[in-house]
Structures are given as C-alpha cells and as structure tokens.
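What the coordinates show
Chain residues, written in single-letter form:
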Amino acid sequence: MAEADKITTVDAIELNFAPLEDTYFSEHPDLDCIFSVAAGAGNVYPVMVANNKTDIKLYTTGFEGTDDTDNFGSAGNQCYQGIMCSTPEAIAYPLCLLIDKLNGTVYSDLPKTEVIACSPMIMLSDADMETVVNNSIYYSADYSKALITGEDIVNMCASYNPDATYAGLVDAMNHLGVDDLK
C-alpha cells in the first residue's frame, strides 16, 4: 500500500456543541482532515483559524453562509471541502403532521410508524456551493427560492387538501437536495 493510501485516524472526541480545544492541534500535529459531525463552522473552524491550521481539510455538518462559503472548495483558504445540512424546508414534514393532528385529520395512507429520511443538502464541489448560494433560501433568505412554500405546505396537509397523501409528503421531503435547486 502506498503511503498516500494509508489512513490514520485519531480518537473521536465529543464537543457537545462546544468549541474544539486549542490543544487539539498540538496533540495531533499530522492531521490533514477533520470530520466534524455538528456545527464545524462555529466550533471547529474558528479554532483552526486561531491555530493557523486552515490547511487541514474540514468536512462538516451545518451551514452558516459566512466563512464556510468564502473558504469552500477552491475559494479562499480552501479549508472547507464538504458540508452537509438539512434545508429549512425540511420543517414541512413535522409541520404537516402536526397541523393534521391538531385538526383531527389523518392521511389515508399514513403508516402506523412514520420513518422519513429527508434529502440532505450536500455540498462537495464548487458547483454545489454555487448552486446553493445562487438558488437556495438557506443562503439568501429569499422566500422566492424556497423548495417548499407555505402554499405547498397547505396543499400537503390532509386537513386542507383531501387529495394530499403521506406518500406525497415523503416524496416532497426527498427532493430537498442540491440537485433539486438546479
């Protein structure tokens, strides 16, 4: 196995939404990549900057639309190489179920146990980031760029639309990724 093919891992640490300790980089001087499961933009990246370690590639969940955008892929210091997050529109799933529950209405095809996997927003390339920046409510806060609107939510609720189905709600949740913004 070539040296470049070898992967060395260090023990995972739980940050519990707290900043990474400043000593982490001196304890692990040979790091070339960090996978941060939650809030890397707020809890890991600032510590990387403070320790002059932005040459380490960061893959994280959560998106702030600030340093993560400016330093993603081939931009800026190129620290951010992958970001995954849920879209704001994903709130439509529990919202529709709650509205119907409060109204005493149930989808005719509602399973006994609901399990849903919403499409995450995954950015792994400059093109992905450009798509999110230009076409997403997440980055712009421009409601006209929402993948699901208030009218869509009303139409997905069995309380207001007798033709609404649970399958339709699940299908909408599975179309919230970067490719759906194009």
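What you are looking at is a predicted structure, and each value in this text was computed from that prediction instead of being measured.

1. Focus: the state of the cysteines
- Under the defined criterion, the tally for this structure stands at 0 disulfides.
- There is no disulfide at Cys33, and the cysteine sulfur nearest it, in Cys79, is 9.5 Å away.
- You can see Cys96 has no disulfide; the closest cysteine sulfur is in Cys157, sitting 3.7 Å from it.
- Look at Cys96 and you get buried, because its relative accessible area is 0%.

2. A closer look at a nonpolar patch on the surface
- There is a patch of nonpolar side chains on the surface, built from Met84, Ile122 and Leu124 and spanning about 260 Å² of accessible area.
- Using a relative accessible area of 36% as the deciding quantity, one classes Met84 as partly exposed.

3. Side note on the environment of Tyr160
- Tracing the chain through its elements places Tyr160 in the loop between helix H8 (150-156) and helix H9 (166-173).
- Remark: the alpha-carbon pair of Tyr160 and Thr105, spanning 55 residues in sequence, is separated by 9.3 Å.
- Beyond its immediate sequence surroundings of up to four residues, Tyr160 is in contact with Ile99, Asn103 and Val154.
- At a separation of 3.5 Å, a polar atom in the side chain of Tyr160 contacts the side chain of Asn103.

Scoring rules and cut-offs
Numbering of residues starts from 1 in each chain and follows the order in which that chain's sequence is written. Under the rules for a predicted model, residues below a pLDDT of 70 receive no local features and side-chain atom pairs below 80 are neither given nor counted, while totals for whole chains, interfaces and linings still include all residues. Hydrogens and waters are ignored; side-chain quantities use all the structure's heavy atoms. Disulfides are defined in this document as cysteine sulfur pairs within 2.5 Å. A 1.4 Å probe rolled over the protein chains alone gives each residue an accessible area, and that area as a share of the maximum for its type sets the label: buried under 20%, exposed over 50%, partly exposed in between. A residue counts toward a patch only above 30% relative accessible area and without a salt bridge, and it is joined to like-charged neighbours within 9 Å or, for Val, Leu, Ile, Met, Phe, Trp and Tyr, to nonpolar neighbours within 5 Å. Here the Shrake-Rupley method, with its probe set to 1.4 Å, supplies the accessible areas, and only the displayed protein chains count as covering residues. Any carboxyl oxygen of Asp or Glu that lies within 4 Å of a side-chain nitrogen of Lys or Arg is treated as forming a salt bridge with it. Helix numbers and strand numbers start at the N terminus; a helix is a DSSP run of H or I with at least 4 residues, a strand a run of E with at least 2. Should any heavy atoms of two residues lie within 4.5 Å, those residues are considered in contact. Counting of polar contacts relies on pairs of N or O atoms within 3.5 Å, with two restrictions inside protein: one atom must be capable of donating a hydrogen and the other of accepting it, and residues adjacent in sequence are counted only when both atoms are side-chain atoms.

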